[in-house]
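# Coordinate inspection notes
What follows is each chain in one-letter form.
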Amino acid sequence: MIFIQIPPDEDDAGLEADFPLGDGTADTGASVVCPYCGETVEIVLDPGSGPRQEYVEDCEVCCRPWTVHVAYGPDGAADVTVDAADDGWDD
C-alpha cells in the first residue's frame, strides 16, 4: 500500500481562520416559514459561504422573494430567519 501525503493548501488555512470547522458538522438545511404564504419550506444551506450570510431566495410555494439571514455558531448550528424582501408586491 502506498500513501501519498498532500501538503495543506495555503487557502485552506485562511478558510479555517474565517470559519472554524470544529468537528466537521455544520447544518446544511433548515425549515423556514414563508412570510407571505405561511407555508413551511425546506431550504439548503451552504456552510462554506461563511459564518454570516444574507441572500435573496424565492419561496418554492408562492414564488415571492425572501431575504434569508444565516448565522452559524461555533458548534456548526445555523440560526436561520427569513424576511419579506419585496414590500411592494402586487396581489
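Preceding this section is the structure that the text describes.
The structure reproduced in this document is the subject of the present report. The shown structure was predicted, so the numbers you read here are calculated from the model rather than taken from an experiment. (Residues numbered from 1 in each chain as written. Predicted model: local features only at pLDDT ≥ 70, side-chain atom pairs only at ≥ 80, totals over all residues. Heavy atoms only, no water.)

## Here we look at the sheet that holds strand S5 (residues 78-84)
With antiparallel pairing, the 3 strands of this open sheet are ordered in space as S3-S4-S5. The open sheet is flanked by strand S3 (52-58) and S5, the only strands paired with a single partner. Mean inter-strand twist for the sheet, computed between neighbouring axes without regard to direction, equals 20°. Relative to strand S4 (residues 65-72), S3 is paired through 7 bridges, and the arrangement is antiparallel. By the bridge assignment for S4, Glu-54 is matched with His-69. (Pairing = 2+ DSSP bridges. Helix = DSSP H or I, 4+ residues; strand = E, 2+ residues; numbered from the N terminus. Axes fitted to C-alpha atoms, helices over the stretch in contact; angles between N-to-C directions.)

## What about the environment of Ala-77?
Tracing the sequence through the fold places Ala-77 in the loop between S4 and S5. The class of Ala-77 is partly exposed, set by a relative accessible area of 34%. In sequence terms Ala-77 and Ala-26 are 51 residues apart; their C-alpha atoms lie 5.9 Å from each other. Among residues more than four places away in sequence, those in contact with Ala-77 are Asp-27, Ala-71 and Tyr-72. (Buried < 20%, exposed > 50% of the residue type's maximum accessible area, 1.4 Å probe, protein only. Contact = heavy atoms within 4.5 Å.)

## Here we look at the side chain of Thr-67
Looking at the secondary structure, you find Thr-67 in strand S4. Excluding residues within four positions of it along the chain, Thr-67 makes contact with Glu-54, Tyr-55, Val-56, Thr-81, Val-82, Asp-83 and Ala-85.

## A short note on the pairing of strand S2 (residues 40-44)
Every other side chain in a regular strand lies on the same face of the sheet, so the side chains alternate between the two faces. A one-sided burial pattern is seen for S2, the buried positions being Val-41 and Ile-43 and the unburied ones Thr-40, Glu-42 and Val-44. Pairing of strand S1 (residues 29-33) with S2, which is carried by 5 bridges, proceeds in the antiparallel orientation. Bridge pairing links Ala-30 to Ile-43 in S2. If you look at the hairpin formed by S1 and S2, you'll find 6 residues sitting between the two strands, and Gly-38 has a positive phi there, around 80°.

## Focus on the nonpolar core
In this structure, Val-32, Ile-43, Leu-45, Trp-66, Val-68 and Val-80 are the most contacted members of the largest nonpolar core, which totals 13 residues. Among the secondary structure elements, those contributing two or more residues to this core are S1, S2, S4 and S5. The element contributing the most residues to this core is S4, with 4 residues. When near neighbours in sequence (up to four residues on either side) are disregarded, Leu-45 contacts Asp-27, Thr-28, Gly-29, Ala-30, Tyr-55, Val-70, Tyr-72, Ala-78 and Val-80. (Core = buried A, V, L, I, M, F, W, Y, C linked by side-chain atoms within 4.5 Å.)

## A look at unusual backbone geometry
Even without a glycine there, the phi angle at Cys-63 is positive, about 70°. Following the sequence through the fold, Cys-63 ends up in the loop between S3 and S4.

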